Amino acid sequence: MAQTTATKTVKFVITRQDGPDSAPYTEEFEIPYRANMNVISGLMEIQRNPKKSDGGNTAPVCWESNCLEEVCGACSMVINGKPRQACSALIDKLEQPVRLEPMRTFPVVRDLVINRERMFNALKRVKAWIPIDGTYDLGPGPRLAEEKRQWAYELSKCMTCGVCMEACPNVNDRNSFIGPQAISQVRLFNVHPTGEMNKAERLETLMEDGGIEGCGNSQNCVRSCPKGIPLTTSIAAINRDTTKQLFKKWLG
């Protein structure tokens with residue numbers, strides 16, 4: 001007889017780590033199934049009753065989440081071998097046991113919580129902001145052509161989740177590649193009429209060590225991006241812009 005919803009369970013195998021310098025280990029959990037569960041629902045259930053499958057007590061699993069609707073990017077983790085958002089990962093569509101691991105591109109703080117400092121430092125390097133003085137009323141500002149606005153809006157969907165960097169084979173602790181996310185943000189802010197003032201400076205940053213030359217064109221980033229951002233299109237466009245910038249320097 002098929003297992004009823006009342007007795008059906010969900011099995012989790014979670015890779016845990018007690019601290020940044022601790023060795024990782026796995027623990028297995030089994031929780032009651034509910035219709036329309038996502039991975040975050042499962043983690044919340046484990047947090048309420050942190051008992052392992054063998055009945056032993058353990059510390060609650062640590063993870064990050066905020067919006068629960070794939071907007072904040074905080075709940076990124078590796079789910080069944082694939083980096084993605086835990087809030088949009090539905091249990092009914094996942095193979096069991098559901099295996100959860102932290103994204104190893106970033107230093108692990110504890111369990112599934114990671115330190116995304118590398119990503120935010122990359123945004124600082126490329127000045128990923130519009131330098132507008134908020135002290136004075138500057139008026140509505142220059143308008144962006146509709147054609148540019150449409151594709152710029154797609155780039156603005158980036159939620160700094162880190163999935164593209166986890167999927168990229170060139171982002172690791174053996175090199176300083178800035179990653180696809182920062183490169184795409186350079187394209188976004190360089191198209192802005194005000195942000196364009198710092199266009200050359202951003203391109204120069206990407207021409208340094210660890211910049212755009214570190215991309216191996218594996219295209220893992222664009223396939224894994226939860227927001228469908230055309231990252232490889234941005235990388236190609238910035239590759240062209242940095243080449244133009246190089247010739248401008250040569251020609252004085």
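This section reports on the structure supplied with the text. These figures come from a predicted structure and were not determined experimentally.

**Topic: helix α1 (residues 39–48)**
At step 1: Counting buried positions along α1 gives 7 out of 10 residues, so the element sits mostly inside the fold.
At step 2: Looking at the buried positions of α1, the neighbouring elements they touch are β1 (9–16), β2 (25–32), β3 (76–79) and β5 (98–101).

**Side note on unusual backbone geometry**
At step 1: Going from Gln-96 to Pro-97, the amide bond is cis rather than trans, its omega being 0°.
At step 2: Mapped onto the secondary structure, Pro-97 falls in the loop between β4 (82–85) and β5.
At step 3: A positive phi is found at Asn-217, a non-glycine position, where the angle reads about 60°.
At step 4: Looking at where Asn-217 falls in the secondary structure, it is placed in the loop between α6 (199–206) and α7 (220–224).
At step 5: The exposure class of Asn-217 is exposed, given its relative accessible area of 52%.

**Remarks on the pattern of salt bridges**
At step 1: This structure, assessed with the given rule, holds 9 salt bridges.
At step 2: A salt bridge links Glu-27 to Arg-16; the nearest nitrogen and oxygen atoms lie 2.8 Å apart. Residue Glu-27 is found in strand β2, and its partner Arg-16 is found in strand β1; the two are separated by 11 residues along the sequence.
At step 3: Under the relative-accessibility criterion, Glu-27 is labelled buried at 10%.

**Focus: the environment of Arg-116**
At step 1: Within the secondary structure, Arg-116 is located in the loop between β7 (113–114) and α2 (117–125).
At step 2: Beyond its immediate sequence surroundings of up to four residues, Arg-116 is in contact with Glu-64, Gly-73, Ala-74, Ser-76, Met-103, Phe-106, Thr-160 and Cys-161.
At step 3: Of the polar contacts made by the side chain of Arg-116, one reaches the side chain of Glu-64; its length is 3.3 Å.

Cut-offs used in this document
- Every chain is numbered on its own, with residues counted from 1 as its sequence reads.
- The model is predicted, so local features are restricted to residues of pLDDT at least 70 and side-chain atom pairs to those at 80 or more, both for listing and for counting; the totals for chains, interfaces and linings are taken over all residues.
- Calculated side-chain values reflect all of the structure's heavy atoms, with hydrogen atoms and water omitted.
- Throughout, exposure labels follow a simple rule: accessible area from a 1.4 Å probe, protein chains only, divided by the maximum for the residue type, with under 20% read as buried, over 50% as exposed, and the rest as partly exposed.
- Helix numbers and strand numbers start at the N terminus; a helix is a DSSP run of H or I with at least 4 residues, a strand a run of E with at least 2.
- Contact definition: two residues touch when any of their heavy atoms are within 4.5 Å.
- For this document, the term salt bridge refers to a Lys or Arg side-chain nitrogen within 4 Å of an Asp or Glu carboxyl oxygen.
- Polar contact is defined as a pair of N or O atoms within 3.5 Å, subject to the rule that within protein one atom must be able to donate a hydrogen and the other to accept it, and that residues adjacent in sequence are counted only when both atoms are side-chain atoms.

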